[in-house]
Amino acid sequence: MFDLTGKSALITGASGGIGGEVARVLHGAGATVGLSGTRTEPLEALAAELGERAHVLPCNLSDAEAVNALPKQAAEAMGSVDILVNNAGITRDNLFMRMSEEEWASVLDVNLTSGFRLCKGVLRGMMKARWGRIVNISSIVGATGNPGQGNYAAAKAGLVGMTKSLAYEVATRGVTVNAVAPGFIETAMTEKLNDDQKAGILGQIPMGRMGSPSEIAAAVLYLASAEAGYVTGTTLHVNGGMAML
Amino acid sequence: MSDDIAERVKKIVVEHLSVEEDKVTENASFIDDLGADSLDTVELVMAFEEEFGIEIPDDAAETIQTFGDAVKFIKEAQ
């Protein structure tokens, strides 16, 4: 089950905790992976760890031109892009009353608009092939909101709306578009939380623990697989029961 | 030469939309007469781009509504 042999997957934010694990799991299922991210060094390290079938494709996702060029670079490196995982995300947390235009715009740009651009860029090949998988990494806060994260929550909710709309449009072409909404996962992003914040969060999670990147990667693997061919437009929540949506 | 373009366009349209060749007339609208949906028209434009090695920008693509429009655009683009 879930054999991705012969498929090529482009993963953004592959230098991060979740993205790196997604790349490992898809690669482990047989896929060729294109590792994208801003920081080249961790991407090179991951590619070295994976060995064959791994390509490093650095890209600054706040640079529109670079983002628009990425799908083509990925297709040239891997032969095609059959699976796109829009995982890259940044946070610029601030109270709404204090949030600057720049904090708002930079988060929307990287977390939402780059997803739009990359989807657009990979769709031609997927539609021609009559097969494609797009998995957008949203977040629990896109559904529930979170104080201090007005920008992040808006971008992550936006990804869900984008996912559903695109899923409608390309459903007849064998292309599925889904989202995965992680709850609190042990990554560099959640490491920034202090102990009180962590304790507060754990109190809200029925499972009483944070999730691991591999638990998100498993959800992505499923949605990227041939077996999930009848699943589209959905958001798979992986959050330990923190929000039962 | 130009007839050759029309023939090549017709072939793409016939194959993509699974319609009879004689239905693909000068004024045949892809959507109204040939049963295309809006995504089919996007795919037709993609196919034209590949067949003729041209780039059809989005705003130009929107003006290509009929078989005749397509042939005319491609002739001018070449």
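Rules used in this analysis
Residues numbered from 1 in each chain as written. Chains lettered and ligands numbered in written order. Predicted model: local features only at pLDDT ≥ 70, side-chain atom pairs only at ≥ 80, totals over all residues. Heavy atoms only, no water. Helix = DSSP H or I, 4+ residues; strand = E, 2+ residues; numbered from the N terminus. Rg over C-alpha atoms; globule rule 2.2 N^0.38 Å. Buried < 20%, exposed > 50% of the residue type's maximum accessible area, 1.4 Å probe, protein only. Contact = heavy atoms within 4.5 Å. Areas by Shrake-Rupley, 256 points an atom, 1.4 Å probe, with all protein chains shown as cover. Lys, Arg positive; Asp, Glu negative; His and termini not counted. Charge placed at Lys NZ, Arg CZ, Asp CG, Glu CD. Buried area = accessible area lost by both parts, 1.4 Å probe. Salt bridge = Lys/Arg side-chain N within 4 Å of Asp/Glu carboxyl O. Polar contact = N/O pair within 3.5 Å; in protein donor to acceptor, adjacent residues only side chain to side chain. Pairing = 2+ DSSP bridges. Axes fitted to C-alpha atoms, helices over the stretch in contact; angles between N-to-C directions. UniProt positions renumbered as here; feature names shortened; annotations may be inferred.

Looking now at the overall build of chain B. Counting its secondary structure elements, chain B contains four helices and zero strands. Traced from its N-terminal end to its C-terminal end, chain B shows the element sequence α-α-α-α. Compactness check: chain B gives a C-alpha radius of gyration of 11 Å against a globular reference of 12 Å for 78 residues, within 12% of the reference. Each principal axis of the C-alpha distribution contributes one length, and for chain B these read about 25 × 25 × 20 Å. Buried residues in chain B amount to 46% of all 78 residues.

A separate point is the overall build of chain A. Assigned secondary structure in chain A consists of nine helices and seven strands. Taking 2.2 N^0.38 as the reference for a compact globule, 245 residues should give roughly 18 Å; the C-alpha atoms of chain A span a radius of gyration of 17 Å, in line with that estimate. Summarising its shape, the C-alpha atoms of chain A cover approximately 45 × 40 × 40 Å along the three principal directions. A total of 245 residues make up chain A; the buried ones form 51% of that total. Considering only intrachain contacts with a sequence separation of at least 6, the fraction spanning at least 24 residues in chain A is 68%. A total accessible area of about 11,100 Å² is found for chain A, and carbon and sulfur atoms account for 54% of it. Within chain A, the 22 negative side-chain charges are centred at a point lying 8 Å from the centre of the 19 positive side-chain charges.

Within the secondary structure layout, A64 of chain A lies in helix α3 (residues 64-78). Through-space distance from the C-alpha of A64 of chain A to that of T113 of chain A is 8.9 Å; in sequence the pair is 49 residues apart.

Here we come to the interface of chain B and chain A. Every contact between the two is made by nine residues of chain B and, on the other side, eight residues of chain A. Summing the contributions of chain B and of chain A, the shared interface buries around 740 Å²; its carbon and sulfur component is 43%. On inspection of chain B and its partner chain A, the count reaches eight salt bridges. There are five residue pairs in polar contact (both at pLDDT 80 or more) connecting chain B and chain A.

Let's shift gears to the sheet that holds strand β5 (residues 132-137) of chain A. Residues and elements named next belong to chain A. With respect to topology, seven strands assemble into an open sheet ordered β3-β2-β1-β4-β5-β6-β7, the strand pairing being parallel. For this open sheet the edge positions go to β3 (54-58) and β7 (235-238), each flanked by a neighbour on one side alone. Between one strand axis and the next, the sheet turns by 15 degrees as a mean value, whatever way the strands run. Note: β5 against strand β6 (residues 175-182), six bridges, orientation parallel. Among the inter-strand pairings, I134 is bridged to a residue of β6, identified as V177. The sheet strands contacting helix α1 (residues 17-28) are β1 (8-11), β2 (32-37), β4 (83-86) and β6, and the helix crosses β1 at an angle near 175 degrees. On the sheet, α3 packs against β1, β2 and β3 and is oriented at approximately 160 degrees with respect to β3.

Once that is clear, we can look at the UniProt feature "domain: Ketoreductase" (unreviewed entry) in chain A. Under the feature "domain: Ketoreductase" (unreviewed entry), the UniProt entry names residues 7-188 of chain A. Along residues 7-188 of chain A the backbone is 52% helical and 18% strand, and the end-to-end C-alpha distance reaches 29 Å.

The next point concerns the UniProt feature "domain: Carrier" (unreviewed entry) in chain B. The UniProt record annotates "domain: Carrier" (unreviewed entry) at residues 3-78 of chain B. Secondary structure over residues 3-78 of chain B splits into 59% helix and 0% strand, and the C-alpha atoms at its two ends are 14 Å apart.

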